[in-house]
Amino acid sequence: MTYAITQTCCNDATCVAVCPVNCIHPTPEERAFGRTEMLHIDPRACIDCGACADACPVDAIFPVDSLSAAQREYAEINAAYYEGAEPSAAEVDGPNFHVWGEPVFGRGLPSDFGPLRVAVVGTGPAGMYAAQDLLLHTAAEVTLIDRLPVAGGLVRYGVAPDHPATKKVGDTFSRFHSHPRVRMHLGIEVGRDVTAEELAAHHDAVIYAVGASTDRRLGIPGEGGPGCLSATSFVAWYNAHPEAVAQDVDLSAERVVVVGNGNVALDVARILVADPEALAGTDIAAHALEALRASRVREVVVLGRRGPEDAAYTRSELLALKHLPGVELVVDDHDPRTAAAIDAAGAGDRAGVLRGLARVRTDAVSPGPGRGADRRIVLRFHSEPVEVLGDAGARSVRVTDGGGGGAADLAAGMLLRAIGYRGLPVPGLPFDEASGTVPHEGGRVAGLPGGYVVGWIKRGPSGGIGANRTCAAETVGTLLADAVAGTLPAPTGDAKAFRRLARRRNRRVVDARGLAAIDRAERDRGRRDGRPRVKLATVEELVATARAGRVPRLTR
């Protein structure tokens, strides 16, 4: 029985490297890699060895005969990718199942090269893929730095709590937190506690993996008032980000409007209408779970400026909405172009996934879900907001209605904008305001010898978790080439001097032992409540737990 790759595929291609028959495509060497929403297993060549499932960091690969009802479509999705293609050729005359290319060791240093000291600023996927690359391919000593007193970045604070498999990639990264060549300084912010110049003075190179931490604006009247939030801050709120705990999220109205057609828009829509008791088994923030239990939201309208054929979300995330218990997924047919695009779409197109869904008209006041469902999500295409109305908060959102320039007012208690993330300047680094990124060449920061970037601050807010693996490989390759070429500036301080500097500037720095204490405490709290973990939600709680956990226990 063949295996199939399912919804949570992270695209980091770990599975490709272990497949003995080369039946997973596209591979990193192929042109299509990074352009497909997920990787695919060829059912004609798969030998059912399970190596890919063992290696997958996000538990996305299963035998076809064990797929749940909600996952069965992925067997067809995997097979459809290979329709019309020649099956993978097997090497029958040798011990290998297929012909392997020549081994390539693109990232490394000469054997007589001394160990580099590299700082990685940011402990999300981009930073940790870079650290992993350095630790596995060189003898480098790595300093991990994060402005928050806990590691994880996007994995901890960006992945939806009902996607626990995706969060498992964090287990892969966490094994490097206590690596003997890693020093960790959490709670240190570049530009506040140390400068970029001071960081560079104590390391051979510095890799910035600071992500894109803010959001794009709509630029419409009323957007800045109460009841209008960014999806960025809403996601942070339900994931217990310390900077979003005190945020006021009003869920007292029956309808919420979400602007955007990407995966983040679907994430926030799904969380808003999901069964709170199902979320109670996840690591969702305690304050968010309490608010969702008291929520009166029954309908989420997701606005897309363009048609369903141009939506930015992945098919896998859309398919998941079709199987959400107690939630009806419908399409607003106010514009005839929507129905035409759905009817003309092929089975493998995103718009084709919408075929068979009920088509409705979104009224000014939410009519509620259809029979058999408690809540609903309405996908409204060819529509965008033009104004938020209401004095004390969002009471309605004026949206375009059809291609003739008309408008409609939708009653709503909250508007969430999910139209993209944006990077912020890093003090001491050049910054491109237009793209929200740091100018670079192959990851090398323009005009800053020894400075490098990786992840969204490098390439913009595109690509999921796995895309950072190839992004990090490029940056690390550039860094090592510079080291061999002798163009890295020599540091004037050592690791001990930087540790003293960091602790002098910030007495609340958390190290690897402190991070392990936080992890133990959160898991212990989770076990008491039947959850994977209960996150500590404030900087004070995190720092206090880290300190308490580092105190040696007295023995008799």
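Residues numbered from 1 in each chain as written. Predicted model: local features only at pLDDT ≥ 70, side-chain atom pairs only at ≥ 80, totals over all residues. Heavy atoms only, no water.

*Asks:* Break down the overall build of the chain for me, with residues and values.
*Replies:* Each helix and strand in the chain was counted, giving 19 helices and 23 strands. Against the compact-globule benchmark of 24 Å for 556 residues, the chain has a radius of gyration of 25 Å, which places it among compact chains. In terms of overall dimensions, the chain has C-alpha extents of about 70 × 65 × 55 Å along its principal axes. The proportion of buried residues among the 556 residues of the chain is 52%. In the chain, once contacts between residues fewer than 6 apart in sequence are set aside, the share between residues at least 24 apart is 74%. Carbon and sulfur atoms make up 51% of the accessible area of the chain, which amounts to about 24700 Å² in all. (Helix = DSSP H or I, 4+ residues; strand = E, 2+ residues; numbered from the N terminus. Rg over C-alpha atoms; globule rule 2.2 N^0.38 Å. Buried < 20%, exposed > 50% of the residue type's maximum accessible area, 1.4 Å probe, protein only. Contact = heavy atoms within 4.5 Å. Areas by Shrake-Rupley, 256 points an atom, 1.4 Å probe, with all protein chains shown as cover.)

*Asks:* Help me get a handle on the pairing of strand 13 (residues 327-332), residues and values and all.
*Replies:* A large share of strand 13 lies buried, amounting to 5 of its 6 residues. The sheet contact formed by strand 13 and strand 14 (residues 358-360) spans 3 bridges and is parallel. Residue pairing in the sheet places D332 in a bridge with V360 of strand 14. (Pairing = 2+ DSSP bridges.)

*Asks:* An account of the sheet that holds strand 15 (residues 375-380) is needed here, citing residue identities and associated values.
*Replies:* Ordered in space as 10-19-11-12-15-13-14, the 7 strands form an open sheet in which the pairing is parallel. Looking at the sheet topology across the chains shown, the edges are occupied by strand 10 (228-230) and strand 14. Geometrically, the sheet is characterised by an average inter-axis angle of 25° between neighbouring strands, direction not taken into account. For strand 11 (residues 255-259) and strand 19 (residues 414-417), the ladder comprises 4 bridges, and the chain directions are parallel. (Axes fitted to C-alpha atoms, helices over the stretch in contact; angles between N-to-C directions.)

*Asks:* Could you give me a rundown of the sheet that holds strand 17 (residues 396-401), with the residues and numbers involved?
*Replies:* Taken in spatial order, the 3 strands line up as 16-17-18 in an open sheet, and their pairing is antiparallel. In this open sheet, the two edge strands, each paired with only one partner strand, are strand 16 (385-389) and strand 18 (406-411). With direction set aside, neighbouring strand axes in the sheet form an average angle of 25°. Sheet topology places strand 17 next to strand 18; 6 bridges connect them, and they run antiparallel. Paired with S396 across the two strands is A411, which belongs to strand 18.

*Asks:* Let's hear about the side chain of R376: which residues, and what values?
*Replies:* Relative to the elements of secondary structure, R376 occurs in strand 15. R376 gets classed as buried once you look at its relative accessible area, which sits at 4%. In terms of polar contacts, R376 uses its side chain to reach the side chain of E299, at 2.5 Å. (Polar contact = N/O pair within 3.5 Å; in protein donor to acceptor, adjacent residues only side chain to side chain.)

*Asks:* Talk me through the packing of aromatic side chains; I want residue IDs and the actual numbers.
*Replies:* For the structure shown, the criterion picks out 5 aromatic pairs. Between Y81 and Y82, the ring centres sit 5.1 Å apart and the planes meet at 85°, which makes this aromatic pair edge-to-face. These aromatic residues form a ring-pair network of at least three members: F234, W237 and Y238. (Phe/Tyr/Trp six-rings, centres within 6.5 Å; stacked < 30°, edge-to-face > 60°.)

*Asks:* Residue-level account of the nonpolar core, with values.
*Replies:* The biggest cluster of nonpolar side chains holds 120 residues, and the ones touching the most others in it are I24 and Y238. Setting aside residues up to four positions removed in sequence, Y238 forms contacts with A160, P161, D267, V268, I271, I284, A285 and A288. Listed in part, the 20 residues of the second largest apolar core include V206, V426, L429 and I457. (Core = buried A, V, L, I, M, F, W, Y, C linked by side-chain atoms within 4.5 Å.)

*Asks:* Before we move on, can you summarise the pattern of salt bridges with the specific residues and values?
*Replies:* Close approach of charged atoms lets side chains of opposite charge pair. A full pass over the atoms with the stated rule returns 35 salt bridges. A salt bridge links R523 to D519; the nearest nitrogen and oxygen atoms lie 3.1 Å apart. Of this pair, R523 and D519 are both found in helix 18 (residues 512-529), 4 residues apart, which corresponds to roughly one turn of the helix. For R523, a relative accessible area of 33% translates into the label partly exposed. Bridged by salt links that share partners, the residues R156, D519, E522, R523 and R533 form one connected network. (Salt bridge = Lys/Arg side-chain N within 4 Å of Asp/Glu carboxyl O.)

*Asks:* A description of a positive patch on the surface should follow, citing residues and the corresponding values.
*Replies:* Taken together, the side chains of K496, R500, R504 and R507 define a basic patch exposed on the protein surface. Tracing the chain through its elements places R504 in helix 17 (residues 495-505). Overall, the relative accessible area of 53% leaves R504 in the exposed class. (Patch = residues over 30% accessible without salt bridge, like charges linked within 9 Å, V, L, I, M, F, W, Y side chains within 5 Å. Lys, Arg positive; Asp, Glu negative; His and termini not counted. Charge placed at Lys NZ, Arg CZ, Asp CG, Glu CD.)

*Asks:* Please set out the packing of helix 3 (residues 73-80) against helix 13 (residues 315-322) residue by residue, giving values where relevant.
*Replies:* Across the interface, helix 3 lies against helix 13 with an axial gap of 12 Å and an inter-helix angle of 160°. One finds that helix 3 runs roughly antiparallel with respect to helix 13. In the crossing of helix 3 with helix 13, the sense of the turn from one axis to the other is right-handed. Between helix 3, through E73, Y74 and I77, and helix 13, the contact on the second element is made entirely by R315, S316 and L319. (Parallel < 35°, antiparallel > 145°, perpendicular 65-115°, else oblique. Left-handed = near helix turned anticlockwise from the far one by under 90°.)

*Asks:* Go over helix 16 (residues 467-485), please, and point to the residues and values.
*Replies:* Since one α-helical turn is 3.6 residues long, residues separated by three or four positions face the same way. With 19 residues, helix 16 extends 28 Å between its outermost C-alpha atoms, agreeing within 8% with the 27 Å of an ideal straight helix rising 1.5 Å per residue. At the C-terminal side of helix 16, G486 shows a positive phi close to 75°. (Expected span 1.5 Å × (residues − 1).)

*Asks:* Break down unusual backbone geometry for me, with residues and values.
*Replies:* Along the chain, H25 connects to P26 via a cis peptide bond; the corresponding omega equals -5°. Checked against the element boundaries, P26 lands in the loop between strand 2 (24-25) and strand 3 (40-41). At N22, a residue that is not glycine, the phi angle is positive and equals roughly 55°. Within the fold, N22 resides in the loop between helix 1 (14-18) and strand 2. Backbone geometry places H382, a non-glycine residue, at a positive phi of 50°. Following the sequence through the fold, H382 ends up in the loop between strand 15 and strand 16.

*Asks:* Which residues make up the side chain of D42, and what values do they have?
*Replies:* Structurally, D42 can be placed in the loop between strand 3 and helix 2 (51-55). For D42, a relative accessible area of 1% translates into the label buried. Among the polar contacts made by the side chain of D42, one reaches the side chain of R44 at a distance of 3.0 Å.

*Asks:* Account for the environment of F176, naming residues and giving values.
*Replies:* In this fold, F176 is placed in the loop between helix 7 (169-174) and strand 7 (182-186). Judged by its relative accessible area of 3%, F176 is buried. Spatially, the C-alpha atoms of F176 and G122 are 14 Å apart, while their sequence positions differ by 54 residues. Residues in contact with F176, not counting those within four places in the same chain, are M128, Q132, L135, L136 and V182.

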